[in-house]
Amino acid sequence: MVRLHAFFILSLLALQASFVRNIKLLNVRIANHTVLGTSTKLECTYDLQGETLYSVKWYKDGDEFFRYLPKSVPKIQVFEKQGIYIDIDKSNSNEVVLKSLELSSSGTYRCEVSAEAPSFQTVFQDRDMITVEEGPRIVGLLPEYNVGETVNANCTSSKMKSYAQLVWYINEEQANSTVLQGPYFKVHHPGSNEQLVTTVLGLSFKVTDSHFKSGHTYLKCAAQLTSVYLHSDKQIVKFTKRPPTESIISNTVQLANKIQVTSISARNAGPDHVIRLVACVPLLFRGLRHN
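Rules and cut-offs
- Residues numbered from 1 in each chain as written.
- Predicted model: local features only at pLDDT ≥ 70, side-chain atom pairs only at ≥ 80, totals over all residues.
- Heavy atoms only, no water.
- Phe/Tyr/Trp six-rings, centres within 6.5 Å; stacked < 30°, edge-to-face > 60°.
- Helix = DSSP H or I, 4+ residues; strand = E, 2+ residues; numbered from the N terminus.
- Buried < 20%, exposed > 50% of the residue type's maximum accessible area, 1.4 Å probe, protein only.
- Pairing = 2+ DSSP bridges.
- Axes fitted to C-alpha atoms, helices over the stretch in contact; angles between N-to-C directions.
- Salt bridge = Lys/Arg side-chain N within 4 Å of Asp/Glu carboxyl O.

Draft legend 1. Representation of the packing of aromatic side chains within the structure. The final tally for this structure, using the stated rule, is one aromatic pair. Plain terms: the ring middles of Phe-65 and Tyr-109 are 6.0 Å apart, the flat faces sit at 85 degrees to each other, and that makes the pair edge-to-face. On the criterion of sequence distance, the pair formed by Phe-65 in strand β5 (residues 63–68) and Tyr-109 in strand β8 (residues 107–115) is long-range, its members being 44 residues apart. In this structure Phe-65 comes out as buried when scored by relative accessible area, which is 0%.

In structure tokens form, the structure reads like this:
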């Protein structure tokens, strides 16, 4: 009799289990990288498979900051968390909008979906998000270079919680290591429990004929985090081919201007000064011949 009763209970449990459908978390979509001061959307798509929704909860680094309970009043509950500012009017059971992002908004986010009784099934997924001040910036470039001159520039990332991989491109081709300097890292401590890092990568090369592309060269620096390209800064510099005589002509003009200034000064000076100024004129003409 006992065996028959146990068999009956097990049969009922097996029958009940056959009717239970597993809820599915289809997708959790969060931007890998966001910019300081902007807004972003956290999306959570799920299929209840005929079950009744009990709750949708959002966590950051293990701490709950948003809860949606369809049978509660109000349906949305928000919990204080550093770096989290929720636009409640734009948030619901499928998405949460974060506004006024801070560097501390970076972290691991989790969407957790639970069904009502009797199954009480719960599914969740994690996604990482990094908030940065801005993309990298190129500094130190001149608007124009002549063949034979050296280009020196730095690419600097914004402050972020992880090390950025910076990549230089010359005319859309990745620069090789022979023209790179660094990378160098600067650690910032804005708070007692917070550490931010700035990455700097230098570029230095001599301009040759091979760098010409319709008279211009495109220099770009991109910041890469977790195998995803974040932002890039692109600048155009002009390379010129000055004729060899140009520098001679330039020097000649400068010497001629000196002679003109000397003659004007001589007319306005006393006799003693005239003798000294006139004595300088042959030296100036000698400079013209040498140039």
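Draft legend 2. The sheet that holds strand β3 (residues 40–47), seen in detail. The sheet built from three strands is open, its strands ordered β1-β3-β7 with antiparallel pairing. Two strands bound the open sheet, and with one partner strand each, they are β1 (24–29) and β7 (95–98). On average, adjacent strands in this sheet sit at an angle of 10 degrees to one another, irrespective of strand direction. Bridging between β3 and β7 involves four bridges; their strand directions are antiparallel.

Draft legend 3. Up close: the pairing of strand β12 (residues 150–156). Burial along β12 is one-sided: the residues Val-151, Ala-153 and Cys-155 are buried and none of Thr-150, Asn-152, Asn-154 and Thr-156 is. For strand β10 (residues 137–139) and β12, the ladder comprises three bridges, and the chain directions are antiparallel. Residue pairing for β12: Ile-138 is matched across the bridge by Cys-155.

Draft legend 4. The arrangement of the pattern of salt bridges in detail. Within the structure shown, the criterion is met by eight salt bridges. Between Glu-172 and Lys-220 there is a salt bridge, with its nearest N and O atoms 3.8 Å apart. Of this pair, Glu-172 sits in the loop between β13 (165–170) and β14 (173–174) while Lys-220 sits in strand β17 (residues 216–225), and the two are 48 residues apart along the sequence.

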